[in-house]
Amino acid sequence: MSYTLGQLCDFVGGVLHGDGLIKVDRLATIKLARANELTFVANPKYVAELDKTNAGGVLVKNQAQADKVSNAIIVENPYLAFAKLTALFNTVTSNWTGKHATATVAESAHIGRNVTIGPNVVIEENAVLEDNVVVSAGCVLGANVFIGRNTKLNANVTIYHSVTIGKDCIIHSGAVIGADGFGFAPEGQGWQKIHQLGSVEIGNKVEIGANTTIDRGAIEDTRIGNGVIIDNQVQIAHNVEIGDNTAIAGCAAIAGSTAIGQNCTISGGVGVIGHLEIADNVHITAMSLVSKSISVAGSYSSGTGLDNTDKWRRSAARLRRIDEMAKAIAQLEKQLNKLY
C-alpha cells in the first residue's frame, strides 16, 4: 500500500511543496516518522519538531511551516486531512463475502448483495440486511432488525429485535443495542417490570464504540441521529434522543428520556440525569454531572478540580457549610445596609 506524495496531495486537495514523487507507505507521528512515512502538524506546540523530523512528507497549515521541511502538503486543516488519509492506509478490511458455514440465518431474512456473514452469526426471522453489510463473527441479530447498506458490525455485537440501524454505520465489538430499558414500578417490597415496548432507531453514518449499550424505549423509540459518534462503554438509557453530529466520549451515562441536541460534545465520564433537554451546540467537560436542562449553547462544567488531598478535604468540608455561610453573609449585608 504505497502512494506518491503528489497523489496524497490531490486526495486532500492541498498544495504540494517539494518532491511529489516521494513514496509514502504509511502514516506516523512527527517524532517517529521515517523517510517513507507522512506525518502532520495540527497543534502549534509541535511546530518546533519540523526542524528535527525525518518524515518523507508533512501535512502543514501554511507556507512558513512547509519551508521548514523538504516535502510538505499545505492544507487548511492538517488534522482533518490526516483523518481523511487514514482511510487509504486502513488495512482492516473484509476480503470475502457470503455466509460462513457455521452461521444460522432464518429463511425469512432478506440478505442483500455482497453481504458478509461471519462464523457463528445468528440472524433471526424477517431481519433485513441491505447491500454490502458486514456482520462479523459471533453477532446476534434479532427478529425484524433492519441494517442499512455499507454498515459494519464487528465481532460479538448483539442487536435485539426490531432495531433499525442506518447506512454507513460502524458498530464495535461487544455493543448491545435494544436491550430493555431500566423500567420498574414499585410494588410492595419489590418491583413490577415494565416491559419495554419501543425500540431503537439509529441514523446514518453513526459509529458506536465497544461495549456501549443503547436501551430500547419504554413505549416510543430511543433515537440516535445521523453522524453521531459514541465512544466505548457509554450507557444510553431508554427513550433518549441524541441529535445529529453529537459526540459522546467514553464512560458517559445518559439517563432515560433526556433529549440532547445537535452538534454537542459530551466528554468522558459525564453523567446526565433523566428527563432533561440539552440545546444544540452544548459542550460538557469531563466528569460533570448535568442535573438540570441547558437551554443556551456554550461550554458547561461541574465538580471540583484535582488538588492535594489534604487541601481538597478542607475545601470539601467548607463546601458542606456553604448554605450556613450564605445565610451569615446575608445577615451581615442587612446589618451593613442599616448602618449606611
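Residues numbered from 1 in each chain as written. Predicted model: local features only at pLDDT ≥ 70, side-chain atom pairs only at ≥ 80, totals over all residues. Heavy atoms only, no water.

Peer 1: Any chance you could explain the sheet that holds strand β19 (residues 164-165) here in plain terms?
Peer 2: Ordered in space as β10-β13-β16-β19-β24-β27-β30-β33-β36, the 9 strands form an open sheet in which the pairing is parallel. Here the strands that pair on one side only, and so sit at the sheet edges, are β10 (110-111) and β36 (277-278). When strand β13 (residues 128-129) meets strand β16 (residues 146-147), the two strands line up parallel, connected through 2 bridges. Looking at β16, one finds that Leu 129 is bridged to Ile 147. (Pairing = 2+ DSSP bridges. Helix = DSSP H or I, 4+ residues; strand = E, 2+ residues; numbered from the N terminus.)

Peer 1: Which parts of the structure should I look at to understand the packing of aromatic side chains?
Peer 2: Aromatic rings considered in pairs are described by the distance between their centres and by the relative angle of their planes. Under the defined criterion, the tally for this structure stands at 5 aromatic pairs. Relative to Phe 89, the ring of Tyr 3 has its centre 5.4 Å away and its plane inclined at 75°; by these criteria the two rings are edge-to-face. On the criterion of sequence distance, the pair formed by Tyr 3 in strand β1 (residues 3-4) and Phe 89 in helix α3 (residues 78-89) is long-range, its members being 86 residues apart. Ring centres of Phe 40 and Tyr 79 lie 5.9 Å apart, and the angle between their planes is 45°; on these two criteria the pair is classed as tilted. Taken together, the residues span a long stretch of sequence, with Phe 40 in strand β5 (residues 37-40) and Tyr 79 in helix α3 at a distance of 39 residues. (Phe/Tyr/Trp six-rings, centres within 6.5 Å; stacked < 30°, edge-to-face > 60°.)

Peer 1: Would you explain the nonpolar core in this entry?
Peer 2: Generally speaking, a soluble globular protein has its nonpolar side chains buried in company with each other. Counting residues in each nonpolar core, the largest one holds 50 residues, and the members touching the most others are Leu 141, Ile 177, Ile 202 and Ile 236. Of all the secondary-structure elements, those providing two or more residues to this core are β24 (200-202) and β37 (282-284). Apart from the residues lying within four places of it in its own chain, the contact partners of Leu 141 are Val 122, Ile 123, Glu 124, Leu 129, Val 135, Ile 147, Leu 153 and Ile 159. Residues Cys 9, Ala 81, Leu 88 and Phe 89 belong to the second largest nonpolar core, which totals 14 residues. (Core = buried A, V, L, I, M, F, W, Y, C linked by side-chain atoms within 4.5 Å. Buried < 20%, exposed > 50% of the residue type's maximum accessible area, 1.4 Å probe, protein only. Contact = heavy atoms within 4.5 Å.)

Peer 1: What should I look at first to understand the pairing of β5 in this one?
Peer 2: Within a regular beta strand, the side chains point alternately toward one face of the sheet and then the other, so they alternate between its two faces. Taken together, the 2 bridges between strand β4 (residues 26-27) and β5 define a ladder with parallel strand orientation. Opposite Arg 26, over in β5, you have Glu 37 as the bridge partner. Across 3 bridges, the pairing between β5 and strand β6 (residues 57-60) is parallel. Among the inter-strand pairings, Thr 39 is bridged to a residue of β6, identified as Val 58.

Peer 1: I'm lost on the pattern of salt bridges in this one. Help?
Peer 2: Pairing between side chains of opposite charge can happen when their charged atoms approach one another. Applying the stated criterion to the full structure yields 9 salt bridges. Between Arg 34 and Glu 37 there is a salt bridge, with its nearest N and O atoms 3.1 Å apart. Using a relative accessible area of 48% as the deciding quantity, one classes Arg 34 as partly exposed. Under the relative-accessibility criterion, Glu 37 is labelled buried at 1%. (Salt bridge = Lys/Arg side-chain N within 4 Å of Asp/Glu carboxyl O.)

Peer 1: Explanation requested: the packing of helix α1 (residues 5-12) against α3 in the structure shown.
Peer 2: Packed helices, taken two at a time, are described by the angle their axes make and the gap between the axes. Here α1 crosses α3 at 120°, and the two axes come no closer than 10 Å. In this view, α1 runs oblique relative to α3, as classed from their interaxial angle. As α1 packs across α3, the resulting crossing turns out to be right-handed. From α1, Leu 8, Phe 11 and Val 12 reach across to α3, where they touch Ala 81, Lys 84, Leu 85, Leu 88 and Phe 89. Residues of the contact of α1 with α3, tallied by class, amount to 7 nonpolar, no polar and 1 charged. (Axes fitted to C-alpha atoms, helices over the stretch in contact; angles between N-to-C directions. Parallel < 35°, antiparallel > 145°, perpendicular 65-115°, else oblique. Left-handed = near helix turned anticlockwise from the far one by under 90°. Nonpolar A, V, L, I, M, F, W, Y, C, P; charged D, E, K, R; others polar.)

Peer 1: What should I look at first to understand the environment of Pro 186 in this one?
Peer 2: Position of Pro 186 relative to the elements: it lies in strand β22 (residues 184-187). The exposure class assigned to Pro 186 is exposed, which follows from its relative accessible area of 67%. Pro 186 sits 54 residues away from Val 240 along the chain, and the two C-alpha atoms are 22 Å apart.

Peer 1: Is there a simple way to think about the environment of Val 145 in this case?
Peer 2: Looking at the secondary structure, you find Val 145 in the loop between β15 (140-141) and β16. Val 145 sits in the buried class, given a relative accessible area of 0%. Residues in contact with Val 145, not counting those within four places in the same chain, are Asn 126, Ala 127, Val 128, Ile 159, Tyr 160, His 161, Ser 162 and Val 163.

Peer 1: Explanation requested: the pairing of β6 in the structure shown.
Peer 2: Judged by which residues are buried, β6 turns out to be covered on both faces: Gly 57 and Leu 59 on one side and Val 58 and Val 60 on the other are all buried. The sheet contact formed by β6 and strand β7 (residues 72-74) spans 3 bridges and is parallel. For Val 60, the partnering residue across the bridge sits in β7 and is Ile 74.

Peer 1: Would you mind showing me how to read a nonpolar patch on the surface here?
Peer 2: Together, Phe 182, Phe 184 and Trp 191 make up a nonpolar patch on the protein surface, roughly 440 Å² of accessible area in all. Within the element layout of this structure, Phe 182 appears in the loop between β21 (176-179) and β22. By relative accessible area, which is 74% here, Phe 182 ends up exposed. (Patch = residues over 30% accessible without salt bridge, like charges linked within 9 Å, V, L, I, M, F, W, Y side chains within 5 Å. Areas by Shrake-Rupley, 256 points an atom, 1.4 Å probe, with all protein chains shown as cover.)

Peer 1: Before we go on, may I ask you to explain α1 in this structure?
Peer 2: The α-helix winds at 3.6 residues per turn, so residues separated by three or four positions along the chain end up facing the same way. Residues of α1 that are buried: Leu 5, Gly 6, Leu 8, Cys 9 and Val 12. All buried residues of α1 lie within an arc of 160° about the axis, which places them on one face of the element. (Arc of directions from axis to C-beta.)

Peer 1: Hey, could you run me through α3 in this one?
Peer 2: For α3, which comprises 12 residues, the first-to-last C-alpha distance of 17 Å matches the rise-based estimate of 16 Å (1.5 Å per residue) to within 8%. For α3, the full list of buried residues reads Pro 78, Ala 81, Leu 85, Leu 88 and Phe 89. Each buried residue of α3 lies within a common arc of 85° when the element is viewed along its axis, so the set occupies one face. Turned more than 90 degrees off the buried face of α3, the exposed positions are Tyr 79 and Ala 87. Along its buried surface, α3 packs onto β1, α1, β3 (23-24), β4, β5 and β6. (Expected span 1.5 Å × (residues − 1).)

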